[in-house]
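Residue-level listing of the chains:
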Amino acid sequence: MNLNDLEVIAERSHKVVYRDGDTVLKVFDSDYSKAGVLNEALNQARVEETGLCIPRILEVLKIDDKWAIRTEYIEGETLRQKLDAHPEQQEEILKLFVQIQMDIHTKRAPLLTKLKDKMNRKISDSGFDATTRYELHTRLEGMKKHQKVCHGDLTLSDVIIRSDGTPFIIDWAHATQGNAAADVARSYLFMCLNESQELADAYLHMFCKMSDTALQYVQSWMPIVAASQSVKGHPEEQEMLSRWVNVVDYS
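Everything in this summary refers to the structure shown in the same document.

Quick notes on the rules
- Residues numbered from 1 in each chain as written.
- Predicted model: local features only at pLDDT ≥ 70, side-chain atom pairs only at ≥ 80, totals over all residues.
- Heavy atoms only, no water.
- Helix = DSSP H or I, 4+ residues; strand = E, 2+ residues; numbered from the N terminus.
- Rg over C-alpha atoms; globule rule 2.2 N^0.38 Å.
- Areas by Shrake-Rupley, 256 points an atom, 1.4 Å probe, with all protein chains shown as cover.
- Lys, Arg positive; Asp, Glu negative; His and termini not counted.
- Charge placed at Lys NZ, Arg CZ, Asp CG, Glu CD.
- Core = buried A, V, L, I, M, F, W, Y, C linked by side-chain atoms within 4.5 Å.
- Buried < 20%, exposed > 50% of the residue type's maximum accessible area, 1.4 Å probe, protein only.
- Contact = heavy atoms within 4.5 Å.
- Pairing = 2+ DSSP bridges.
- Salt bridge = Lys/Arg side-chain N within 4 Å of Asp/Glu carboxyl O.

Turning to the overall build of the chain, a few remarks are in order. Scanning the chain for helices and strands turns up ten helices and ten strands. In terms of overall dimensions, the chain is globule-like: its C-alpha atoms have a radius of gyration of 18 Å, near the 18 Å expected for 251 residues. Along the first, second and third principal axes, the C-alpha atoms of the chain reach 60 × 40 × 35 Å. Total accessible area on the chain stands at roughly 12,600 Å², and carbon and sulfur atoms take up 47% of it. Between the mean site of the 30 positive side-chain charges and the mean site of the 39 negative ones, the chain shows a separation of 7 Å.

Written as C-alpha cells, this is what we have:
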C-alpha cells in the first residue's frame, strides 16, 4: 500500500489520518509506542460495545514499519465545521454537543481504565513541585467515584453529523471510566487553549444548565485536569495550564 496515493484528512502530533475508500487509516509515527496504539484500539472496541454511534474498528496493522488502525469512514460534517460555516448557530450547536456528551456519560464500560488511576499517574509525572503534586493527589482522592464512560478529549471536531442527522463520535484514545465532571473540565480546557474563552464559557454554562450540575463542581476538577494535560509537554500551553493548577487552595 502506498500512503502517498491516499487522501490526507487530518494531521496530528505523531500521526496522520488518511481516507482509504470507505475506511479511515490512522497511521502513527514509526517510533510511536506499540502499547499506545493497541490501547487506543482496545479503548475504541470497548466503547463500541456500549452502543454509542462510533466508527467500528476494522483492523490493526503495520504499513511501512508504522502501526496503523483502520476504522469505518463516516461521511458527514463535524460540529466544528458547522460552527465555522454558521457562527450564528453557536447556541444550537453547543446544545447538540452537550446532549451528545451527556449521552456518552450514560454508558458503562467496566474494562476501561479508571479515570482516577490515570489522573494520579499523570499528576505524578507532571513537572510540578512536590507540594503542588500532594495537593492535587489529595484533591483527586476526595472526588466522587463514578463509572461513567468519559471520552477524555471531546471537542467539536470529534463529532461528525451524518447526512441523516446521526452523530458519530471519533477519537477514543483517551477514553476512561470515571466522573463526568472531569470529562467536561477537559473539554472546557481544550476550548480555552484552542478555541476562545467566550466559546469555552458558553459551553460550560450550557452543560451545567442542561445537566443540572453546579458550575463549582466542574471547576473543582480544573487544576487536576490541567496538571494531567501538562504532561503532554506543549510549551505554548504551559503558562495557562500552570495558572489553572495554581488555583488549588492550599491550607
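Moving on from the coordinates now.
In terms of nonpolar packing, the biggest core is built from 54 residues, with Trp172, Tyr203 and Trp221 touching the most fellow members. Once you skip the residues sitting within four places of it in the chain, Tyr203 turns out to touch Leu94, Phe97, Val98, Gln101, Val184, Ser187, Tyr188 and Met191. Of all hydrophobic cores here, the second largest spans eight residues; its members include Leu3, Tyr18, Leu25 and Ile63.

So, about unusual backbone geometry. The backbone phi angle of Asp64 is positive, close to 50°, even though this residue is not glycine. Structurally, Asp64 is set in the loop between β4 (57-63) and β5 (66-72). Unlike most non-glycine residues, Asp171 shows phi in positive territory, near 60°. In this structure, Asp171 sits in the loop between β9 (167-169) and β10 (176-178). You can call Asp171 buried: its relative accessible area is 18%.

Sheet strands pair by backbone hydrogen bonding; their relative direction is either parallel or antiparallel. Taken in spatial order, the three strands of this open sheet run β6-β8-β9, and their pairing is antiparallel. Since the sheet does not close on itself, it has two edges, and those belong to β6 (77-78) and β9, each with one partner. Two strands pair when backbone bridges link them, and strand β8 (residues 159-161) and β9 are joined in this way by three bridges, in the antiparallel orientation. If you follow Ile160 over to β9, its bridge partner there is Phe168.

Bringing the pairing of strand β1 (residues 7-12) into the picture now. Relative to strand β2 (residues 15-20), β1 runs antiparallel, the two sharing five bridges. Paired with Val8 across the two strands is Tyr18, which belongs to β2. In this antiparallel pair of consecutive strands, β1 and β2, the connection spans two residues, and His14 shows a positive phi of 70°.

Along the chain, the position of Thr176 falls in strand β10. The exposure class of Thr176 is buried, given its relative accessible area of 4%.

Moving on, we get to the pairing of β5. Pairing of strand β3 (residues 23-28) with β5 involves five bridges; the strand directions are antiparallel. The residue bridging Thr23 from the neighbouring strand is Glu72, located in β5. Here β4 pairs with β5 via six bridges, running antiparallel. Bridge pairing in β5 places Lys62 opposite Trp67.

This next bit is on helix α9 (residues 222-230). Within α9, nine of the nine residues are buried, which leaves the element mostly enclosed by the surrounding structure. Residues of α9 that are buried: Met222, Pro223, Ile224, Val225, Ala226, Ala227, Ser228, Gln229 and Ser230. Buried residues along α9 sit in contact with α4 (115-125), α5 (130-141), α6 (180-194), α7 (197-211), α8 (215-219) and α10 (235-245).

Tracing the backbone shows Tyr73 in the loop between β5 and β6. Separated by 37 residues in the primary sequence, Tyr73 and Pro110 place their C-alpha atoms 27 Å from one another. Ignoring any residue separated from it by four or fewer positions in sequence, one finds Tyr73 in contact with Arg19, Gly21, Asp22, Thr23 and Val24.

With that out of the way, let us pick up the pattern of salt bridges. Under the criterion given, the structure shown has 14 salt bridges. Glu77 is the salt-bridge partner of Lys82, the closest N and O atoms lying 3.3 Å from each other. As a salt-bridge pair, Arg80 and Asp84 come within 2.8 Å of each other at their nearest N and O atoms. Here Arg80 pairs with Asp84, and both are found in helix α2 (residues 79-85), just four residues apart, close to one helical turn. For Arg80, a relative accessible area of 17% translates into the label buried. Residues participating in the shared-partner salt-bridge network are Arg12, Lys26, Glu40 and Asp171.

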